[in-house]
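So the chains spell out like this:
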Amino acid sequence: MEKLIRELFIGMGKERNYNVLPEVSLVRENQDTYYIGSAVMAHMHLFEKKQHTSTSYVAAQRIFSSKRLQEIGKYPLSTSFEVMLSMFRFGDTDGREALRFAIDFVCKAINGDPDKLIFLAPYELGLRNDVLSLGISSNRVTSWNQSLETSLGNGRPTGYYVKMFYPYRHGIIPIGSIGFIESNGTLSVDSAFFMERLSFVREGLPTFYQDQFFAPLTNIVNNHEFFTDLSFYEKNLWINHIRSIVALLIDGATFDSKGAGHALKKMVRQLAVTIAGKKLPHELGEKLILAANQCLFHLGYLNKIEYQKLSDTLIIKIDTASNQILKEKKAFIKALRSNQNNMSMEELQKWDSERGLKLEWLEKFAMQEGVSLSCPQKIKKHQFRNECYSFSETDRIKDPIQFIKESENKKMKGVLIKNG
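For clarity, every value in this text was computed on a predicted model and none was experimentally measured.

**Some points on the overall build of the chain**
Across its full length, the chain holds 15 helices and eight strands. Taking 2.2 N^0.38 as the reference for a compact globule, 420 residues should give roughly 22 Å; the C-alpha atoms of the chain span a radius of gyration of 23 Å, in line with that estimate. Taken along its principal axes, the extent of the C-alpha atoms in the chain is 70 × 45 × 40 Å. Taking as baseline every contact in the chain between residues at least 6 positions apart, the subset at least 24 positions apart corresponds to 71%. With an accessible surface of roughly 19500 Å², the chain has 47% of that area assigned to carbon and sulfur atoms. Positive and negative charge centroids in the chain, built from 55 and 47 side chains respectively, lie 2 Å apart.

Okay, structure coming up:
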């Protein structure tokens, strides 16, 4: 049996004399952010030293991002909770050692061909030349006119990213990010490799929903009669959110806490909209909690959880939100009818700001009444992670290298920076 990707990464680090960093809780108290959004965030103190000796570290860190909640279920590479594998290096004079580790690890993790890897590498800090010096063909190394800058937070030093991609099925997968920061003539290195993403590519699956890290939930949501009427997107939402909610609760988040509590409530409300007025069966709630814990177990977490207490809490929260959404839905439909099925954008925005009903929810409720709201067309931003790999295999990227080149002109530079 092949090594788990986490074990492979940590093992490769140990073989190369990297120090192993402990994993920390998702939930943070008295910090500038409420939860850990990247491995470097958990170990920022390493980058804040004034003098760096030649040291290197590896870490496997669970992360949570509330910024992605609107994308969940719509795009195959978007999830709010995942495991980030990172190496950190200090005191290097060039980028070759970090890049060599990244290439060796990624190719072993996905059973990939190094000759198929594609790099987005800047000229700054000599990074493009470092990539080429490792035997990568120049026609597989793209450099944009505006290089991608690293961002470790306000007031912290910046540098540049090298991005790694791998052509897969009908698209291209952002497979790794390696950031380089120059200080006092040496480089500090941050990196990010996403375990769920690597795993489904290694297993040859269409998305991570079929992989072991999601499959226990996927099997329930796709086969239980309670979810029969849900759309493909809504089912994905349940699979993602239940896993994320359980991960946050296990790490100490509560519905009353400020930041994490707000994220928990937002996810519950998003789920409640899909079943407005329906009551989540108690037995199903418990099954979902158990399945989420199975997903976390496959990720490498041995959680002792109180299933009954967690499922009771979650069921109450979802049922309360479901009933509330139903009342708001009925009130909206009544108002829509009294306006002769016509509402101005200003009126619709009031339902969002005053009642918390998102515009897409209002559109859904109106469509169920056979009414099409005259909402302005949404301007779709080109986000690389969402555009490079689709649920639909007919959305085929014929030339991945050209796709990366053209992406610069679609103003997606700010999106790639944030860890792939």
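**Comments concerning the pattern of salt bridges**
Tallying each qualifying case throughout the model produces 19 salt bridges. Between Arg 269 and Glu 328 there is a salt bridge whose closest N-O contact spans 2.9 Å. Of the two residues, Arg 269 is situated in helix 8 (residues 259-274) and Glu 328 in helix 10 (residues 307-338); the sequence distance between them amounts to 59 residues. Classification of Glu 328 by relative accessible area gives buried; the value is 8%. Overlapping salt bridges, with partners in common, bring together Arg 6, Glu 23, Arg 62 and Asp 251 in one network.

**Regarding the pairing of strand 7 (residues 171-183)**
In terms of residue burial, strand 7 counts as a mostly covered element, since eleven of its 13 residues are buried. Relative to strand 7, strand 6 (residues 160-168) runs antiparallel, the two being bridged by nine bridges. Its bridge partner lying in strand 7, Phe 165 is registered against Pro 174. Adjacent in sequence and paired antiparallel, strand 6 and strand 7 are bridged by two residues, among which Arg 169 carries a positive phi angle near 50°. The sheet contact formed by strand 7 and strand 8 (residues 186-194) spans seven bridges and is antiparallel. Each residue of the ladder has a partner; that of Ser 177, found in strand 8, is Ala 192. Connecting the antiparallel pair strand 7 and strand 8 is a turn made up of two residues, with Asn 184 showing a positive phi of about 55°.

**A closer look at the packing of aromatic side chains**
The final tally for this structure, using the stated rule, is 23 aromatic pairs. Look at Phe 200 and Phe 208: their rings are 6.1 Å apart centre to centre, the planes differ by 90°, and that puts the pair in the edge-to-face class. Considering the side-chain rings of Phe 226 and Phe 227, the 5.2 Å spacing of their centres and the 85° angle between planes classify their relative orientation as edge-to-face. The residues Phe 226 and Phe 227 share a single accessibility class, namely buried. Taken together, the ring pairs connect Tyr 168, Phe 200, Phe 208, Tyr 209, Phe 214, Phe 232, Tyr 389 and Phe 391 into an aromatic cluster. Its end group placed over the ring of Tyr 161, Lys 163 keeps NZ or CZ at 4.5 Å from the ring centre. The lysine or arginine in question, Lys 278, covers the ring of Phe 226, its NZ or CZ lying 4.3 Å from the ring centre.

**As for unusual backbone geometry**
In this structure, Asn 17 is a non-glycine residue whose phi angle is positive, near 65°. Mapped onto the elements, Asn 17 comes out in the loop between helix 1 (5-15) and strand 1 (19-20). Here Asn 17 falls in the exposed class, since its relative accessible area comes to 65%. For Arg 169, which is not a glycine, the phi torsion comes out positive at approximately 50°. Within the secondary structure, Arg 169 sits in the loop between strand 6 and strand 7.

**Let's talk about the nonpolar core**
Counting 127 residues, the largest nonpolar core has Phe 105, Trp 238 and Phe 332 as the members making the most contacts within it. Considering every element that reaches this core, the biggest residue donor is helix 10, with ten residues. In contact with Phe 332, other than residues within four places in its own chain, are Met 343, Leu 348, Trp 351, Leu 362, Phe 365, Ala 366 and Leu 373. Counting 18 residues, the second-largest nonpolar core is a separate cluster that includes Ala 42, Ile 63, Phe 88 and Phe 90.

**Digging into the side chain of His 43**
Following the sequence through the fold, His 43 ends up in the loop between helix 2 (39-42) and strand 2 (55-64). Judged by its relative accessible area of 3%, His 43 falls in the buried class. Not counting the four nearest positions on each side in its chain, His 43 is found in contact with Leu 21, Pro 22, Ala 59, Gln 61 and Phe 88.

**Considering helix 6 (residues 215-223)**
By the burial criterion, the buried members of helix 6 are Ala 215, Pro 216, Leu 217, Thr 218, Ile 220 and Val 221. In this structure, the buried residues of helix 6 make contact with helix 7 (232-250) and helix 9 (282-299).

**Things to note about the confidence of the model for the chain**
Per-residue pLDDT for the chain has a mean of 88; in total, 92% of the residues score no lower than 70. Segment residues 412-420: pLDDT under 50, and 39 contacts once partners within four positions in sequence are set aside and those in other chains are kept.

**Concerning the sheet that holds strand 6**
In any sheet, the strands associate via hydrogen bonds between backbone groups, in a parallel or an antiparallel arrangement. Taking strand neighbours across the sheet as the criterion, the eight strands line up as 1-2-3-8-7-6-4-5 in an open arrangement whose pairing is mixed. Pairing within the sheet leaves two strands with one partner each, and these edge strands are strand 1 and strand 5 (141-142). Relative to strand 5, strand 4 (residues 118-120) runs parallel, the two being bridged by two bridges. Its bridge partner being in strand 5, Leu 120 is matched across the sheet by Thr 142.

Procedures and definitions
Here the residue numbers are simple positions, counted from 1 along each chain's written sequence. With pLDDT at 70 or above as the cut-off, local features in this predicted model cover only qualifying residues; side-chain atom pairs require 80 or more to be listed or tallied, and sums for whole chains, interfaces and linings still use all residues. Computation of side-chain values: all heavy atoms of the structure, hydrogens and water removed. Each helix is a run of H or I in the DSSP string that is no shorter than four residues. Each strand is a run of E no shorter than two, and both are numbered from the N terminus. All radius of gyration figures rest on C-alpha atoms, and the globule criterion is 2.2 Å times the number of residues raised to 0.38. A contact between two residues is defined here by any heavy atoms of the two lying within 4.5 Å. For accessible areas, the Shrake-Rupley method is used with a probe of radius 1.4 Å. Any residue's cover is judged against the shown protein chains and nothing else. Only four residue types enter the charge count, namely Lys and Arg as positive and Asp and Glu as negative; His and the chain termini do not. The atom standing in for a charge is NZ when the residue is Lys, CZ when it is Arg, CG when it is Asp and CD when it is Glu. When a carboxyl oxygen of Asp or Glu is within 4 Å of a side-chain nitrogen of Lys or Arg, the pair counts as a salt bridge. Any residue under 20% of the maximum accessible area for its type is buried, any over 50% is exposed, and the rest in between are partly exposed; the area is computed with a 1.4 Å probe on protein chains only. A pair of strands is considered paired only if DSSP assigns at least 2 bridges between the two. Planes of paired rings set the category: under 30 degrees apart is stacked, over 60 is edge-to-face and the rest tilted, where pairs are Phe, Tyr or Trp rings (Trp by its six-membered ring) whose centres lie within 6.5 Å. By definition, being over a ring means that NZ of Lys or CZ of Arg is both within 6 Å of the ring centre and within 35 degrees of the ring normal. Joining through side-chain atoms within 4.5 Å is the link that ties buried Ala, Val, Leu, Ile, Met, Phe, Trp, Tyr and Cys residues into a set, and such a set is a nonpolar core. On a scale of 0 to 100, pLDDT captures the predictor's confidence in every residue.

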